[in-house]
Amino acid sequence: MEAFSKKDIIHIAASDFHTAFLTSEGEIYTTGSNESGQLGTNLAENSFFPEPVAALDTQIIIHVDCGQGHTVAVTDAGALASWGAAEFGQLGQREAVDVLTVAHPRILKGSRELHFVRVACGSSHTLALTGSGSVYSFGQGVFGALGHGNTESCSTPVLIDGLWGFGVVQIACGENHSLALSVDGQVFSWGWGKYGQLGHGSSNNEHNPLQVKALADQMIIQIVGGGDHTLALNNEKQVLAWGRGHWGQTGLGTLSDVHTPTQVHLPEGELVIQASAGVRHSVVFTESGKIFGWGDGEQGQLGRSAREKVQVSPFLISDANMNGLTASYIVAGGEHTFIVFQPCIKSSQDSMISEERLFSIQNGDLHGDGLRHVRVPELPSMLEGTGDNTKRLHSIGHAIEDIFSSIRFIVIAFKHQPSFWLNHMDTSNSSRKEYSDFGDHGLDVKSIRNVYQRILELRNPEILKKLGDSLIRLFMSIEKHMQNVPHSRWIRALLIGLQCPFVGEKGIGDMVSTRIFSVFSKLTFLDGRKITFWLSTYPRDIFGGRFVRGVLRYLSNRKEFTRSGSIPHDVAAALKTLWYLYEANKMEPHLLYSEFYSKEISESVDLLEEYLKWSHAKYDKDLNTLVSFCQVPFILSPQAKSKILQVEAEMIKNQVVQASILQHLSGNLFAFPFLVLRVRRDHLIQDTLVQLNVERIDYLKPLKVIFEGEEGIDQGGVTKEFFQLLCRELFNVDYGMFTYEEETRNFWFNPNSMESEETFELVGIILGLGIYNNVILDVHLPLVVYKKVLNIKPLLHDLNDLQPQLGKSLQQLLDYEGDVEETFSLTFQITYDYFGEMKTYDLQPGGGNVPVTNENREKYTELYVKYLLEDSIKDQFQSFNKGFQQALEKVTVYQGGYTKDTGVVKWFWELVKDMPLEEKKALLFFTTGNDRAPVGGLGCLPFIIQRNGGETDRLPTAHTCFNVLLLPEYNSKNKLENRLKLAISNSIGFGLQ
């Protein structure tokens, strides 16, 4: 074409009757029919020679496509320009409604903000692809070609929700059907399906994008829409075709329609690198530089060598070298074909052109770029460059927008394994595997950190704003769609967003944080479990320094923590996020509990009001409804928790005192409002033990202590002295109940103690009474004691609070990279001191003969820790724990013939003591309608166990209003356990579901 003898044509778009040419300078030339103004030139009539579209002289165009009577282009700023037929809204111009044609190009309002990079035009509809992988459509909606779930037309671009989260990298249109290619190489189609052109195995129309399942096991790298047929090119350089076959345009050797993708067989050894299709013909360009075609050739669209008007199988149109020219790319229009050439460069091999030369952007070659998929920008390598020139920063800005506002691209960009769609062409299918199959988030955490750091180092306010705005759009989009699509599409983006240094900062960071936390607050139970596990796997510096501190900084920036008695949504969402981090920290300890405290919340909220809201509200344990800060106690400082305990204890004491006074006034002369202990200083432990073992003692009454032979009224001072003296004696190492670890200054249960179980039980009762009566006890127990009280299994790191040197040694054993058996010479037998005599203990049967090796060292460590923190002090701790938690049993009333010595009653309490915490809470809920007990103990609940008949298969029932458990007299403990657990696990409301 002589008109372009001095122009470099990098892209061509051809429809039935007009063609658009794009030059390397961003100019558009058009030729052909101008019946609807689709040429966009100043000429009113048809044009036989390419004419420049002068109205776009001030724009740089990067892509263009042609419909039957309209043309749409994309500018380098990401805006859309359109002209031509407008009857069905295919121009996307709101102001062109009720207008048949628009002869001069117009920029679509608002399109620049979406940053479009590609367009595709059907007969009367248009698809537009953003740099972030989202697809918009507008125009005629007949047959469902717009993908919005209906057949209505749209006059402005509307997002196709059905493709959200897939990361689309290429779009294509037939006359009335549409196609999309995802970054994972999957094909989606929708619209008219009469001839099988959708590839779903039927002739049905589809109103929403539907994955072509026949291609699910292939990596597709290019899609092409013909008139009523479709082509696809896979990463093995094979062409597949389906759809209408009346003119042989599928190339499958038949004139029949084909409803599923089928491989087109070219001569052996010919590998395809690009394909194109017209209305009734198809052409492909091979790696060897040859061009093959098939279909209708009546108008000469298959070249002069076509022997038949209809070619049902591929035949050679052009050889590798045509008069010294080498083909660069090909374009098929309605009934015509273009071949774009470049000077012939003979390589050292027989191949005339390599795939890398045609499909690579490293060397800046843009020829045919608009016919292939969009590549995900390789942001890390872009940021490695130097300088702050405008062009580089512009490219980085666009890359940041494209990646950080795309739910799929952001994950692709930071995966451990390089993706096919990055600039280097990795054709491995393994990169498409979901990491969730392996329980790993699969993200390159180090790369994410480096990218964020390099972006900050640019110190460019505009770039930072683009990053913030992109993340805000990303998480607003996730929040909109997360309930309707699988979590695998979006959940990993939460981790990348949370790692952003903006989290917790003021300004744009505040808005970014709000959007991220809002998504966290809406996670389902299963999604929450997955994200919690993934969070636990992060290195400590990111987990604490970035995640936890980022959320706490955000909370510290809040102006108010309550609003009209409720917790504002932004605060609640941040707390839910922090809760996931807290749960992750329990799985893999990274931080001390104190690092989760929020000073601002602990010191500013009304703790009495929070306690009252917590004690009266109903909510779920997973924080789907946050009504009180007491639901997230890990954020409250010890001082705040102490105040809450005091508030609750005082309320309970007041209730108990009032009840006692009423009983006394009603004639019960023995009703007394206080728990009075009379003790002798020289028999302190003995006197206390005797009085606290009284059958019906009420621990919930305010405590008063009287020292025999001493005058004075206990106003609190005597009680404090009592506890101090008692604890001093009980924890005196000479008394033999506890040992003292000099290294940690903590007490521990003496495994060799000769004291009775009742004495250890007394210690537990004393600690409980001390907490309840707001007495600070000078008792130093390691954290693991309280974990054991809560039935939390001790782990190796818990040993550090007791014997840090031993804990360190065991960790070194686990980390040692050499031969463990040869270096350490350990067996599964340990020694301990028993009153000056060294004794041995086998951690497993025959442990003295089992060496510790690299293979079994984890088992050795686990058994050693279990022995030290559980087995060796089993009897002592059980008694201690019994005293600490026995209040419920102490206040239980038995009716209907039951006593505390009845067999089924004994079995009941044995089962309760062995229950894990969650089952105990479920039992409490079953019998009382509430799964919480006062801090001072469960004794404030008048609990009744009533006989409900003899041996039966019926389940236990309850009157929750009166705290009555109706328990049949089962004939075995096993049956009681089965019936009881079935009842409490299925109870809802007042009955069983």
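Bear in mind the structure is a predicted one, so any value in this text is a computation, not a measurement.

All right, on to the sheet that holds strand β2 (residues 18-23) then. One open sheet holds the four strands; their spatial order is β1-β2-β3-β4, and the pairing between them is antiparallel. Each edge of the sheet is formed by a strand with only one pairing partner; in this case those strands are β1 (9-14) and β4 (47-52). The sheet shows a mean angle of 15° between the axes of neighbouring strands, taken without regard to direction. The pairing of β1 with β2 spans five bridges and is classified as antiparallel. In the sheet register, Ile-12 faces β2, and the bridge partner there is Phe-21.

Let's shift gears to empty space enclosed by the protein. Enumeration over the complete set of coordinates arrives at five cavities of 30 Å³ or more. Volume-wise, the largest cavity comes out at about 620 Å³. Around the largest cavity sit 43 residues that line it, and Ala-14, Asp-65, Cys-173, Gly-225 and Ala-277 are the ones nearest its centre. Contributing elements (two or more residues each) for the lining of the largest cavity: β1, β5 (61-66), β9 (116-121), β13 (168-173), β17 (220-225), β21 (272-277) and β26 (325-332).

It is worth spelling out a nonpolar patch on the surface at this point. A contiguous nonpolar surface patch, about 250 Å² in accessible area, is contributed by Tyr-593, Leu-783 and Tyr-786. Inspection of the secondary structure puts Leu-783 in helix α19 (residues 783-789).

Another aspect to go through is unusual backbone geometry. The backbone of Lys-237 sits at a positive phi, close to 70°, despite the residue not being glycine. Within the fold, Lys-237 resides in the loop between β18 (229-234) and β19 (239-243). A residue is classified by how much of its surface remains accessible, and Lys-237, at 17% relative accessible area, is buried. The backbone of Arg-745 shows a phi angle near 60°, a positive value even though the residue is not glycine. With respect to the secondary-structure elements, Arg-745 resides in the loop between β30 (738-741) and β31 (746-749).

Summing up the model confidence of the chain, the mean pLDDT is 86 and the portion of residues at 70 or higher is 90%. For residues 933-940, every residue scores under 50 in pLDDT, and the model assigns this stretch 22 contacts once sequence neighbours within four places are set aside.

Attention shifts here to the sheet that holds strand β15 (residues 187-191). Taken together, four strands build an open sheet; the order of strands is β13-β14-β15-β16 and the sheet is antiparallel. Every interior strand has two partners, whereas the edge strands, β13 and β16 (206-211), have only one. Strand-to-strand, the axes of this sheet are offset by a mean angle of 15°, without reference to chain direction. Here five bridges tie strand β14 (residues 177-182) to β15, and the two strands are oriented antiparallel to one another. Among the inter-strand pairings, Leu-181 is bridged to a residue of β15, identified as Val-187.

Calculation rules
Each residue is numbered by its place in its chain's sequence as written, counting from 1. Confidence filtering applies because this is a predicted model: local features only for residues at pLDDT of at least 70, side-chain atom pairs given and counted only at 80 or more, and all residues used for totals across whole chains, interfaces and linings. Heavy atoms from the whole structure form the basis of all side-chain values; hydrogens and water molecules are not counted. Here a strand pair is declared whenever DSSP counts at least two bridges between the two strands. Starting at the N terminus, helices and strands are each numbered in turn, a helix being any DSSP run of H or I of at least four residues and a strand any DSSP run of E of at least two. Axis definition: a line fitted to C-alpha atoms, limited for helices to the stretch in contact. Angles are taken between N-to-C directions and run from 0 to 180 degrees. Residues are said to line a cavity or pocket when one of their atoms sits within 4 Å of a point; the points come from a 1 Å grid over protein atoms alone, cavities being sets where a 1.4 Å probe fits but cannot get out and pockets being open sets with protein on both sides within 12 Å along at least five of seven lines. Grid points are joined across faces, edges and corners, and a volume is the space filled by probe spheres set on the points. In this analysis, a patch consists of residues with relative accessible area above 30% that form no salt bridge, clustered at 9 Å for like charges and at 5 Å for the nonpolar side chains Val, Leu, Ile, Met, Phe, Trp and Tyr. What sets the accessible areas is the Shrake-Rupley method with a 1.4 Å probe; for residues, cover comes only from the shown protein chains. Salt bridges are identified by distance alone: a Lys or Arg side-chain nitrogen within 4 Å of an Asp or Glu carboxyl oxygen. Relative accessibility decides the category of a residue: with a 1.4 Å probe and only protein chains considered, values under 20% of the type maximum give buried, values over 50% give exposed, and everything between is partly exposed. As a per-residue measure, pLDDT tells how confident the predictor is, with possible values from 0 to 100. Working rule for contacts: check all heavy atoms of both residues, and any pair within 4.5 Å makes them a contact.

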